Each structure stands twice: as structure tokens, then as C-alpha cells.
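# Chain and residue survey
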Amino acid sequence: ASCTCSMEAVVSTQSTGLDSWAGATHRIQFVSSGEDMAMQGGVLKHHFDTQGTPVMIGGGVLAHTILGVKYDDITGDTQFLILDPHYTGKEELAPILKEGWCGWKGPNFWDKRAHYNMCMPQRPSLEGPEG
């Protein structure tokens, strides 16, 4: 069977599944091009500082997971800790790291012609509805 769904639909389905299956809310951040991903360092840093949850990202190309970010507040330089979910080999760390299935990637990792949607799961509030 072939899939004719768009990557937007995949990310949307993933985020809807988070809501219904895990009771988790999420925030979607649209990025108009891979070139603009370099400017998302501050957004991602804030997300990891406040939520600490992995970010699912997809768009006009393959989906990935962002596990962390290195962001320089002064220069704006950004590095992304990427996990590629398409790995199908053995569960051995050495080849996963050596072959680049998980590792730090620079802004040139993102396809400049593609757009991206980042699904950022939000941790539940422990305060309850009364605040």
C-alpha cells in the first residue's frame, strides 16, 4: 500500500495521537523554510529549558526528532541534536553514532527549499485547573 498523505498530515496525526493517547498537549511551530531553522534556536532552547520534551519535526521532507539544541544567545549560532527515526539496524550505539543516525547537526542539515512543522509536546501542569 502506498501513502499519499503529506508530511503535515503525519505531524498532525502524531500530535493528535499525543493528545488522545497520552493526554498530552502540544504546540506546533511552523517554519517556512529550512533556511529559517537557524533562527529557531531561541524557540527550541526555551522549549527544552521549560518542557524538556523531544520535538517531532516534519514538513516537505523526511521527519526527524530533535532531542536537544545548542544555542549561543550572543551570536545566534545553533546546533541541533537530531535522532533519525528511519534507522533500522541493530540496537548498538556505536554504529548509530558513527553513521550519523543520532548526532549534532548544523543549520545546513535542513533542506532550504522545504518547510517544517515542529510538534513540541507540553508537560502537564501539576497545579491543576484552579492554578
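The following paragraphs examine the structure supplied in this document. (Residues numbered from 1 in each chain as written. Predicted model: local features only at pLDDT ≥ 70, side-chain atom pairs only at ≥ 80, totals over all residues. Heavy atoms only, no water.)

Scanning the chain for helices and strands turns up three helices and six strands. Sequence-ordered secondary structure for the chain, helices as α and strands as β, is α-β-α-β-β-β-α-β-β. Of all 131 residues assigned to the chain, the portion counted as buried reaches 32%. As displayed, the chain offers around 8200 Å² of accessible surface, 56% of which is attributable to carbon and sulfur atoms. (Helix = DSSP H or I, 4+ residues; strand = E, 2+ residues; numbered from the N terminus. Buried < 20%, exposed > 50% of the residue type's maximum accessible area, 1.4 Å probe, protein only. Areas by Shrake-Rupley, 256 points an atom, 1.4 Å probe, with all protein chains shown as cover.)

Our next topic: the packing of aromatic side chains. Under the criterion given, the structure shown has four aromatic pairs. Between phenylalanine 80 and tryptophan 110, the aromatic rings sit 5.4 Å apart at their centres with planes inclined by 90°, giving edge-to-face as the arrangement. Taken as a pair, phenylalanine 80 in strand 4 (residues 78-83) and tryptophan 110 in the loop between strand 5 (102-105) and strand 6 (116-122) lie far apart in primary sequence, 30 residues in all. The same class applies to phenylalanine 80 and to tryptophan 110, which are both buried. The side chain of lysine 70 reaches across the aromatic face of tryptophan 104, ending 4.5 Å from its centre. (Phe/Tyr/Trp six-rings, centres within 6.5 Å; stacked < 30°, edge-to-face > 60°. Lys NZ or Arg CZ within 6 Å of the ring centre and 35° of its normal.)

Ordered in space as 1-6-2-3-4-5, the six strands form an open sheet in which the pairing is antiparallel. Edge positions in the sheet fall to strand 1 (25-31) and strand 5, since each has one partner strand and no second. The sheet shows a mean angle of 30° between the axes of neighbouring strands, direction not considered. Both strand 1 and strand 6 contribute to a ladder of seven bridges, which runs antiparallel. By the bridge assignment, phenylalanine 30 is partnered in strand 6 with asparagine 117. (Pairing = 2+ DSSP bridges. Axes fitted to C-alpha atoms, helices over the stretch in contact; angles between N-to-C directions.)

Time to look at the side chain of threonine 65. Structurally, threonine 65 can be placed in strand 3 (residues 64-71). Here threonine 65 falls in the buried class, since its relative accessible area comes to 15%. When near neighbours in sequence (up to four residues on either side) are disregarded, threonine 65 contacts Pro54, Val55, Leu81, Ile82, Leu83 and Pro85. (Contact = heavy atoms within 4.5 Å.)

The next subject is the nonpolar core. With 15 residues, the main nonpolar core has Met37, Leu44, Ile66, Phe80, Trp110 and Met118 as its most contacted residues. With three residues, strand 6 is the single largest residue contributor to this core. If near-sequence neighbours (up to four positions away) are discounted, methionine 118 is found in contact with Arg27, Ile28, Gln29, Val31, Met37, Gln40, Leu44, Val55, Met56, Ile57 and Ile66. (Core = buried A, V, L, I, M, F, W, Y, C linked by side-chain atoms within 4.5 Å.)

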